[in-house]
Amino acid sequence: MKMEKEEKMTTADPKATKETVELWHYLHAVAGKQIITGQHTQTIPSEEIAYIRQTTGKEPKLRGFELLGYSPNINYADASPECLTEIEENKGTAGMALQWAIEQRKNGNGGILTFTFHWFSPLGGRDKSFYTEHTDFDAREVLKEGTPERAAFYHDMDVIAEILRRFQEERIPILWRPFHESYGTWFWWGAQGPEVARNLYHLMFDYYTGEKDLHNLLWVWNSDVPEAYPGDSYVDVVSMDVYLPEYLPTDYAETYKKLVTATSRNKITALAEIGYLPDIDLLQKSRIPWAYYMTWSKEFCIGEKYNSVENLKKMYDSEYAVTL
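The rules behind these values
Residue positions within a chain follow its written sequence, with the count starting from 1. Per-residue local features are limited, in this predicted model, to residues with pLDDT of at least 70; the limit for side-chain atom pairs, both in listing and counting, is 80 or more; totals at the level of whole chains, interfaces and linings are taken over all residues. Water and hydrogen atoms were dropped before computing side-chain values, which therefore reflect all heavy atoms in the structure. Convention adopted: a line fitted to C-alpha atoms gives each axis, helices being fitted over their contacting stretch, and angles between N-to-C directions are expressed from 0 to 180 degrees. Helix numbers and strand numbers start at the N terminus; a helix is a DSSP run of H or I with at least 4 residues, a strand a run of E with at least 2. For this classification, under 35 degrees means roughly parallel, over 145 means roughly antiparallel, 65 to 115 means roughly perpendicular, and everything else is oblique. By definition in these notes, contact holds between two residues if any of their heavy atoms fall within 4.5 Å. Amino acid classes used here: Ala, Val, Leu, Ile, Met, Phe, Trp, Tyr, Cys and Pro are nonpolar; Asp, Glu, Lys and Arg are charged; the rest, including Gly, are polar. We place a 1 Å grid over just the protein atoms. Points where a 1.4 Å probe fits but has no way out form a cavity, open points with protein on both sides within 12 Å along at least 5 of 7 lines form a pocket, and any residue with an atom within 4 Å of a point lines it. Grid points are joined across faces, edges and corners, and a volume is the space filled by probe spheres set on the points. Summary of the burial criterion: residues with accessible area below 20% of their type's maximum are buried, those above 50% are exposed, and those between are partly exposed, where the area comes from a 1.4 Å probe applied to protein chains only.

(A) Expanded view of the packing of helix α3 (residues 47-56) against helix α10 (residues 309-317). Their axes nearest at 10 Å, the elements α3 and α10 cross at an angle of 80°. Compared by their axis directions, α3 and α10 come out roughly perpendicular. Touching Tyr-51, Ile-52, Thr-55 and Thr-56 of α3 are Val-309, Leu-312, Lys-313 and Tyr-316, all from α10. Here the contact of α3 with α10 is composed, by residue class, of five nonpolar, two polar and one charged.

(B) Quick peek at empty space enclosed by the protein. Counted under the stated rule, the structure contains four cavities of 30 Å³ or more. The computed volume of the largest cavity comes to approximately 60 Å³. As for the largest cavity, its lining consists of Gln-39, Ile-52, Leu-277, Thr-295, Phe-300, Cys-301, Asn-307, Leu-312 and Tyr-316. Here the lining of the largest cavity is built from residues that sort into six nonpolar, three polar and no charged.

(C) Molecular detail of the environment of Ala-139. Among the secondary structure elements, Ala-139 is positioned in the loop between β4 (112-116) and α6 (148-169). A residue is classified by how much of its surface remains accessible, and Ala-139, at 0% relative accessible area, is buried. With sequence-adjacent residues up to four places away left out, Ala-139 is seen in contact with Trp-188, Gln-192, Val-196 and Leu-200.

Right, here's the structure in full:
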């Protein structure tokens, strides 16, 4: 009986590649013993990484990249200067992520890769159409056979699948976090309620692991709404994004409790996006089993609007933090 139970504790994708399974085991082993430092990068120069290196002498173990510029349905003709700048800044991020991951392996550093995808709506929309307010795309229609919305959704998935395949060919695992923040309605995939987002996630999981034969992904669910949880067989990591209104020394214990109550206590847990760093001393005492955190980009990392130099140094100097 014991062996049978242990066999069930594995990756959501039963065909996950060797490297993906190794990463899964590593994340499980770290959680509660240390926390992996992470940083999202918004542009090709990755100014955030340079800032952390300059401030602490180290780099984050986990690096996040953005795929929004690869959205197939970007309405360039009706986009704000801010939107066009963001697209321009994100051009080539997949290539850069691939190059970084290959270098990490060559140097034996073991850097970890995660992708965020602010997906411009597959049909219609203007400006930053990943936001609900900029599109009339109805995600419920994706769940119906034969609709234009469903066809467009699968078309976009095909495009992104080929980007992810380049990483599989290089044997690089990815922490893949689709349909993020689906506990809110600000993105089109969450606009019709978290259960719809869950169903979209199911479609993608089945399509990518089945028809598309992508097995280098660890699947990250990003919501603490109980009725939206896709189920243990679809999820490797449960996570939340937390932007506190003001700085408070915290180990994010309340977030953890709410998250695992809504999802599963058997999964890897992560702070997928944060504004303020967790207090590493509190974490070392409480051992809340966050496997990793990822600070958001630009002003959330650079300068002291959100995180003081003192707190950044304290994090990267701690024996409890895993860095490069």
